[in-house]
Amino acid sequence: MVASIFAGCIPALMTPCKPDRTPDFAALVRKGKELIGAGMSAVVYCGSMGDWPLLSDEQRQEGVSQLVKADVPVIVGTGAQNSARAAAHATHAKHVGAKGLMVIPRVLSRGISVAAQRAHFAQVLEAAVDLPSVVYNSPYYGFETKADLFFDLRKKFPHLVGFKEFGGGPALRYAAEHITNRDTSLTLMVGVDTQVFHGFVNCGAAGAITGIGNVLPKEILHLVALCERAATGDPEARCLALELEQALHVLSSFDEGTDLVLYYKHLMVLEGSPEYEFHFNETDALSASQKAYATQQLKLFKAWYFNWTAVKL
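Each value, and the rule that gives it
Residues numbered from 1 in each chain as written. Predicted model: local features only at pLDDT ≥ 70, side-chain atom pairs only at ≥ 80, totals over all residues. Heavy atoms only, no water. 1 Å grid on protein atoms, 1.4 Å probe; cavity = no way out; pocket = protein on both sides within 12 Å on 5 of 7 lines; lining within 4 Å. Points joined across faces, edges and corners; volume = space filled by probe spheres on them. Helix = DSSP H or I, 4+ residues; strand = E, 2+ residues; numbered from the N terminus. Nonpolar A, V, L, I, M, F, W, Y, C, P; charged D, E, K, R; others polar. Buried < 20%, exposed > 50% of the residue type's maximum accessible area, 1.4 Å probe, protein only. Pairing = 2+ DSSP bridges. Right-handed = clockwise from strand over helix to strand, strands pointing away. Contact = heavy atoms within 4.5 Å. Axes fitted to C-alpha atoms, helices over the stretch in contact; angles between N-to-C directions. Parallel < 35°, antiparallel > 145°, perpendicular 65-115°, else oblique. Left-handed = near helix turned anticlockwise from the far one by under 90°. Expected span 1.5 Å × (residues − 1).

**Q** An account of the layout of surface pockets is needed here, citing residue identities and associated values.
**A** When its volume is computed, the largest pocket comes out at roughly 640 Å³. Of all the elements in the fold, those that place two or more residues in the lining of the largest pocket are strand E8 (207-210) and helix H11 (260-270). With 3 residues, H11 is the largest single contributor of residues to the lining of the largest pocket. Tallied by class, residues from the lining of the largest pocket come to 16 nonpolar, 9 polar and 6 charged.

Right, here's the structure in full:
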């Protein structure tokens, strides 16, 4: 199965919030269409960036439905507090015409049990047979999916076609060594913004799911394009990709902390998207100093990128 939906640059959409703390689905669709128009290959909805724990099941599914109706190619996150609810999201994604599934491990209950996770993954994958799916691996969910479990699942579910790795550099290397190079039809996806170069060049990744790409789509598409060239052995692209990734490092590193949605919504507002001003919990807010730091880093990067592209390209 060719899973091209998982290749290229894919922003993890945030859910815009109205002043009354309800989802703004019209703004969600506008942003999805805007990012696809900018050159993104698809979007993810209801991963961690989408605030899935703060939305009702009905709200999550409404967002998916509206993105699909607007012809936005969407990969749906299945995070939930129990397997039945996760499977219901998978069933809905397939029913409405989503292009792919990002299968998130079981959380809170028996999260470290391999047997429990095997059963959880199987129930979700069974609910969306033939819908191209990737396992979302992240230490933040409290469970590491290893090669033996992945291939046990793949024997029964051939629509499990890839692996999204959020665990950082060593975890990406493990996935490349033990999963995607064991079966080269599988797709490896970089799931953390600070590891795009390592993922594409050293680990053979074909796709990147990005947070900062919501804020700076042109620049992140540029980075991915350079990394794709560097992965072919292009020495000039390798140097340029490393320079660009280093310049982006602080902005990209917001992806790795608990305040990631707060940071990226703040940066979205600075970049002209006021619909991201509010959060679903009124008390969720960056401190004044955090806002000032993020604003400073965005200003610094944009000045550097303007001058760098003028000189280098």
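**Q** Could you give me a rundown of the pairing of strand E4 (residues 100-103), with the residues and numbers involved?
**A** Burial of the side chains of E4 extends over both faces: Gly100 and Met102 are buried on one face and Leu101 and Val103 on the other. As defined by bridge partners, strand E3 (residues 74-77) adjoins E4 across 3 bridges and the pair is classed as parallel. Pairing of Ile75 across the sheet is with Gly100, part of E4. Each parallel crossover has a hand, and the one from E3 via helix H3 (residues 83-96) to E4 is right-handed. Both E4 and strand E5 (residues 133-137) contribute to a ladder of 3 bridges, which runs parallel. When the sheet's bridge partners are listed, Val103 is paired in E5 with Val135.

**Q** Go over the side chain of Ser65, please, and point to the residues and values.
**A** Structurally, Ser65 can be placed in helix H2 (residues 57-69). Look past the residues within four positions of Ser65 in its chain and what remains in contact with it is His92 and Val96.

**Q** For the packing of helix H8 (residues 217-230) against helix H12 (residues 288-312), give the residues involved together with the corresponding values.
**A** Packing of H8 against H12 leaves a shortest axis separation of 12 Å and a crossing angle of 55°. Viewed along their axes, H8 and H12 adopt a mutual orientation that is oblique. The crossing of H8 and H12 is left-handed. Residue-level contacts link Lys218, Glu219, His222 and Leu226 of H8 to Phe301, Tyr305, Trp308 and Thr309 of H12. Looking at the contact of H8 with H12, its residues break down into 4 nonpolar, 2 polar and 2 charged.

**Q** Would you mind going over empty space enclosed by the protein in detail, with residue names and values included?
**A** Summed over all chains, the structure comprises 1 cavity of 30 Å³ or more. Roughly 40 Å³ of volume is contained in the largest cavity. What lines the largest cavity is simply Cys46, Arg60, Gln61, Val64, Val76, Gly77, His89 and His92. Secondary-structure elements contributing two or more residues to the lining of the largest cavity are H2, E3 and H3. Counted by class, the lining of the largest cavity contains 3 nonpolar, 4 polar and 1 charged residues.

**Q** Residue-level account of the environment of Met49, with values.
**A** Tracing the chain through its elements places Met49 in the loop between strand E2 (43-45) and H2. Owing to a relative accessible area of 4%, Met49 belongs among the buried residues under this scheme. Sequence separation between Met49 and Val269 is 220 residues; the distance between their C-alpha atoms is 16 Å. With residues up to four places along the chain from it excluded, the contact list for Met49 reads Ala12, Leu13, Met14, Thr15, Gly211, Asn214, Leu260, Val261 and Tyr264.

**Q** An account of the sheet that holds E8 is needed here, citing residue identities and associated values.
**A** Taking strand neighbours across the sheet as the criterion, the 8 strands line up as E1-E8-E7-E6-E5-E4-E3-E2 in an open arrangement whose pairing is parallel. This sheet does not close on itself; its edge strands, each paired only once, are strand E1 (8-11) and E2. Averaged over all pairs of adjacent strands, the angle between their axes in this sheet comes to 25°, without regard to strand direction. Those strands touched by helix H4 (residues 114-127) are E4, E5 and strand E6 (160-165), and its axis lies near 165° from that of E4. Across the sheet, helix H7 (residues 196-203) lies against strand E7 (187-190) and E8, angled at about 155° from E7, the strand it touches most.

**Q** How would you explain the pairing of E7 if you had to name every residue and give the values?
**A** Of the two faces of E7, the one holding Thr187 and Met189 and the one holding Leu188 and Val190 are both buried throughout. When E6 meets E7, the two strands line up parallel, connected through 4 bridges. Within E7, the position partnered with Gly162 by the bridge is Thr187. Once the chain exits E6 it traverses helix H6 (residues 169-180) before rejoining the sheet at E7, and the crossover so formed is right-handed. Judged from the 2 bridges that link them, E7 and E8 form a sheet pairing that is parallel. What sits directly across from Met189, in E8, is Gly207. Since E7 and E8 lie parallel, the crossover through H7 that links them has a hand, and here it is right-handed.

**Q** Which residues make up H12, and what values do they have?
**A** The terminal C-alpha atoms of H12, which comprises 25 residues, lie 35 Å apart, in line with the 36 Å expected from a rise of 1.5 Å per residue. On its buried face, H12 sits against H8, helix H9 (235-247), helix H10 (249-253) and H11.

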